[in-house]
Amino acid sequence: MGNTDFERVHSVAIPPPQPFSKSLKNNLKETFFPDDPLRQFKNQPPARRFILGLQYVFPILEWGRKYSLDFFKADLIAGITIASLAIPQGISYAKLANLPPILGLYSSFVPPLVYAVMGSSRDLAVGTVAVGSLLTASMLSDVVNVNENPTLYLHLAFTATLFAGLLEATLGIFRLGFIVDFLSHATIVGFMGGAATVVSLQQLKGILGLSHFTHATDVIAVMRSIFSQTHKWRWESAVLGCCFLFYLLLARYISKKRPNLFWISATAPLTSVILGTLLVYLTRAEKHGVQVIGQLKKGINPPSIMDLEFDSRYLTTVIKTGIVTGIISLAEGIAVGRSFAMFKNYHIDGNKEMIAFGMMNIVGSFTSSYLTTGPFSRSAVNFNAGCKTAVSNIVMALAVMITLLFLTPLFHHTPLVVLSSIIIAAMLGLIDYEAAIHLWQVDKFDFVVCMSAYLGVVFADIEIGLILAVGLSVLRVLLFVARPRTFVLGNIPETRIYRSVDQYPNTNNVPGILILEINAPIYFANASYLRERICRWIDDEEDKIKLSGKTSLQYVILDMSAVGNIDTSGISMLEEVKKIIDRRGIKLALANPGGEVMKKLNKSKFIETIGQEWIFLTVGEAVGACNYMLHTCKTNLASSDELKKYSSSV
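Residues numbered from 1 in each chain as written. Predicted model: local features only at pLDDT ≥ 70, side-chain atom pairs only at ≥ 80, totals over all residues. Heavy atoms only, no water.

A few words on helix 12 (residues 235–257). Think of an α-helix as 3.6 residues a turn; residues three or four steps apart then line up on the same face. Across its 23 residues, helix 12 extends 33 Å between first and last C-alpha, which sits within 8% of the 33 Å expected from 1.5 Å per residue. Listing the buried residues of helix 12 in full gives Ser237, Ala238, Leu240, Gly241, Phe244, Leu245, Leu248, Ala251 and Ser255. The secondary structure elements touched by the buried residues of helix 12 are helix 10 (204–207), helix 13 (262–283) and helix 18 (416–428). (Helix = DSSP H or I, 4+ residues; strand = E, 2+ residues; numbered from the N terminus. Expected span 1.5 Å × (residues − 1). Buried < 20%, exposed > 50% of the residue type's maximum accessible area, 1.4 Å probe, protein only. Contact = heavy atoms within 4.5 Å.)

Where burial is concerned, most of strand 5 (residues 587–591) is hidden: 5 out of the 5 residues are buried. In this fold, strand 4 (residues 555–559) hands off to helix 23 (residues 568–583), which returns the chain to strand 5; that crossover is right-handed. Sheet topology note: the strand 5/strand 6 (residues 615–616) ladder contains 2 bridges and is parallel. By the bridge assignment, leucine 590 is partnered in strand 6 with isoleucine 615. (Right-handed = clockwise from strand over helix to strand, strands pointing away. Pairing = 2+ DSSP bridges.)

With 96% of its residues at a pLDDT of 70 or more, the protein has an overall mean of 87. Note on residues 634–638: pLDDT under 50 across the span, and 8 contacts to partners over four residues away in sequence or across chains. (pLDDT = per-residue confidence, 0-100.)

Taken as a class, soluble globular proteins show a tendency for nonpolar side chains to be buried jointly. In terms of nonpolar packing, the biggest core is built from 124 residues, with Leu99, Leu103, Leu135, Phe191, Ile328, Tyr370 and Met427 touching the most fellow members. Among the elements that take part in this core, helix 8 (residues 150–173) stands out by supplying 12 residues, more than any other. Setting aside chain neighbours within four positions, we find tyrosine 370 in contact with Tyr93, Ala94, Ala97, Leu99, Leu103, Ser107, Thr128, Ser133, Thr161 and Asn361. The next biggest cluster of nonpolar side chains, apart from the first, holds 52 residues, and it includes Ile534, Met560, Leu574 and Leu601. (Core = buried A, V, L, I, M, F, W, Y, C linked by side-chain atoms within 4.5 Å.)

Right, let's talk about the sheet that holds strand 3 (residues 513–518) for a bit. A sheet is described by the order of its strands in space; here 6 strands give the open sequence 2-1-3-4-5-6, paired in mixed fashion. The open sheet has two edge strands with one neighbour each: strand 2 (498–500) and strand 6. Of the pairings in the sheet, the one linking strand 4 to strand 5 comprises 5 bridges and is parallel in character. The residue of strand 5 that forms the bridge with isoleucine 557 is alanine 589. Where helix 23 meets the sheet, its contacts fall on strand 4 and strand 5, and the angle it forms with strand 5 comes to roughly 145 degrees. (Axes fitted to C-alpha atoms, helices over the stretch in contact; angles between N-to-C directions.)

Here we take up unusual backbone geometry. A positive phi is found at asparagine 592, a non-glycine position, where the angle reads about 55 degrees. Looking at the element boundaries, asparagine 592 is found in the loop between strand 5 and helix 24 (595–603). Positioned with a positive phi, lysine 605 is a non-glycine residue whose angle comes to about 70 degrees. As for its position among the elements, lysine 605 is in the loop between helix 24 and helix 25 (606–610).

With the rule as written, the count across this model stands at 10 salt bridges. Here aspartate 446 and arginine 476 are joined by a salt bridge, their closest N and O atoms 2.9 Å apart. In this pair, aspartate 446 sits in helix 20 (residues 444–459) while arginine 476 sits in helix 21 (residues 462–482), placing the two residues 30 residues apart along the sequence. What makes aspartate 446 partly exposed here is its relative accessible area of 22%. Residue arginine 476 is classed as buried on the basis of its relative accessible area of 18%. (Salt bridge = Lys/Arg side-chain N within 4 Å of Asp/Glu carboxyl O.)

The next point concerns the packing of helix 7 (residues 130–140) against helix 14 (residues 312–343). Helix 14 packs onto helix 7 with a crossing angle of 165 degrees between their chain directions and a minimal axis gap of 10 Å. With respect to helix 14, the element helix 7 is oriented roughly antiparallel. As helix 7 packs across helix 14, the resulting crossing turns out to be right-handed. From helix 7, Val131, Gly132, Leu135, Thr136, Met139 and Leu140 reach across to helix 14, where they touch Thr317, Lys320, Thr321, Val324, Thr325 and Ile328. In terms of residue class, the contact of helix 7 with helix 14 is built from 6 nonpolar, 5 polar and 1 charged. (Parallel < 35°, antiparallel > 145°, perpendicular 65-115°, else oblique. Left-handed = near helix turned anticlockwise from the far one by under 90°. Nonpolar A, V, L, I, M, F, W, Y, C, P; charged D, E, K, R; others polar.)

All right, on to the packing of helix 14 against helix 15 (residues 350–366) then. Two quantities define a packed helix pair, namely the angle between the helix axes and the distance between the axes. Direction vectors running N to C along helix 14 and helix 15 enclose 130 degrees, while the axes themselves pass 10 Å from each other. Classed by the angle they form, the pair helix 14 and helix 15 counts as oblique. Helix-helix and strand crossings are classified by hand; for helix 14 and helix 15 the assignment is right-handed. Along its contact with helix 14, which presents Leu330, Gly333, Ile334 and Arg338, the element helix 15 presents Gly350, Glu353, Met354 and Phe357. Within the contact of helix 14 with helix 15, the residues separate by chemical class into 4 nonpolar, 2 polar and 2 charged.

This next bit is on the pairing of strand 3. Counting buried residues in strand 3 gives 6 out of 6 residues, a clear majority hidden from the surface. Side chains of strand 3 alternate between two faces, with Ile513, Ile515 and Glu517 and Leu514, Leu516 and Ile518 buried alike. Across 3 bridges, strand 1 (residues 486–491) lies against strand 3 in antiparallel orientation. If you follow valine 488 over to strand 3, its bridge partner there is leucine 516. The pairing of strand 3 with strand 4 spans 5 bridges and is classified as parallel.

Let us now look at the UniProt feature "domain: STAS" (unreviewed entry) in the protein. The UniProt entry lists residues 503–626 under the feature "domain: STAS" (unreviewed entry), expressed in the numbering used here. When the span residues 503–626 is considered, its composition is 51% helix and 15% strand, and the gap between its end C-alpha atoms is 24 Å. (UniProt positions renumbered as here; feature names shortened; annotations may be inferred.)

Turning next to the packing of aromatic side chains. The final tally for this structure, using the stated rule, is 12 aromatic pairs. Where phenylalanine 163 meets phenylalanine 310, the ring centres are 6.2 Å apart and the plane angle is 85 degrees; that geometry is what we call edge-to-face. Pair noted here: phenylalanine 163 is in helix 8 and phenylalanine 310 is in the loop between helix 13 and helix 14, with a separation of 147 residues, a long-range link. Its relative accessible area of 44% is what places phenylalanine 310 among the partly exposed residues. Between phenylalanine 343 and phenylalanine 383 the ring centres are 5.8 Å apart and the planes differ by 45 degrees, which places this aromatic pair in the tilted class. Here phenylalanine 343, found in helix 14, pairs with phenylalanine 383, found in helix 16 (residues 376–384); they are 40 residues apart in sequence, far enough to count as distant. Through a chain of ring-to-ring contacts, three or more aromatic side chains come together here, namely Phe340, Phe343, Phe376 and Phe383. When the ring centre of tyrosine 281 is taken as reference, the NZ or CZ atom of arginine 284 above it lies at 5.0 Å. Sitting above the plane of the tryptophan 440 ring, lysine 444 keeps its charged end 4.7 Å from the centroid. (Phe/Tyr/Trp six-rings, centres within 6.5 Å; stacked < 30°, edge-to-face > 60°. Lys NZ or Arg CZ within 6 Å of the ring centre and 35° of its normal.)

Right under this line is the structure:
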């Protein structure tokens, strides 16, 4: 802007002081209660608060009052549909976790009932997941050989489930769900894809009819185990497995192309189990090398609270397994629940979901169940089947209960190769290459995080892949904090608006004035960097001025609109910058510092150091003041007295 008019309409206010207790209360509220969950209890009588409290902990008490027959019809159909998927998937995933197949059915009975009472999602279908099963097998196998001591392994799995539940419930109760947010979308895409690849390759054991196989999860060990036993491959199993895998993939393709035919894909696993069982029974294929499930115990879940294992030799591994599997299952379940809630335009409380997941795993560990969450495949079927409430989980649980009580002998001849086909078909849906391509197009660093997780899981170890991806994500957060962006601002022609010269190339530089925007809070982690970066901007600007022969640099304006907070290191940095540019004969001005920043600048006496008159409400006002001083003062350095005199007169 070329004019010399300057009118200071408002000065930047310093927030009134608050008692420490009130300030602490507000900070804690913003940190842990951003959604203000206690709002509904305000101005309510004690009896009403008690009822609201029960409804908050047990959402079924709230929506159950409005439940109708039409809702039940929809939930009944959805529940039976997901049960047809849950039964074969449960058996398959239990085998993947190196656990007795019956545990997959146990885990689809009690935990869904707990979630139906405590969960807030209408669409989430609860059950075991492949990634959680693989993690359980991978981590517990480090301390116990399942073939040598299956009972101890089983007890450790129950105990790991207990610790996973305790972690999830604790995160929810203390509203620490933001910890799960460190698993970024890129991390989850890469980790899930890598785990799906490893799981699929491990299922070649069942497809090829191998009885001995490596417990390692990296692709090199798996492929070595496969090709070192070529003489043991069973062509009967391979043919059977490929046929069922083709059928499952075809069913999914049809359902994807025609969403109204979702039931074809949903019932395909159970259909495969039935057809495979009949085929093996009628042809006596088990006598020709086709492995079968064998005897499954009848009856509902036996109690397992006395089977929990707290031996110090295994406790560290069990706790680590619980933490890792708990966080992964929590991230998946909440992401799935939020996705379907968005489709139906309702809200789910992430912290309530954590409590619900935690309680269903705690109760599950007491009732012979292992890790459960809300898998995408089962929830998608539940959603497409037209479920209305969590009653669909109750219907599914009752269907599984009937299976446990009366139908388990029918699974005796079910071939393991069918279970392997079911797992491979489910895993191929988790390899989201389209999401990886999207990450490459939008954010290259996110793509690097994604591929780090994928390659770490596939070529090293599941834990290494997860640690690598989370480490890179945390590193990126630290880089955002430690290396914030700074921009040179210019004036958009015919306005008093100032924007980045990189984003708006048509902006005009203001002669004699350098305007910088700091795009992050100023903390100890970035204070030194910002000091050096500001000095470099000044050096670059002075070099340009020397080459062009324009008016020398007289003012530096720091736009602090995006600086939400500042600590003592940041204040020291501003003091150093002021001293540095004072020695160069340049004046420092601040534009639009926030309330928290002003409060700390005032307490540190920095406002007295710089002068209240050099703190402006907008960049436009700061530029107007600097232009006024440039055109009215005779000296190279504009005096604060001149500015005070002019400010008081307008």
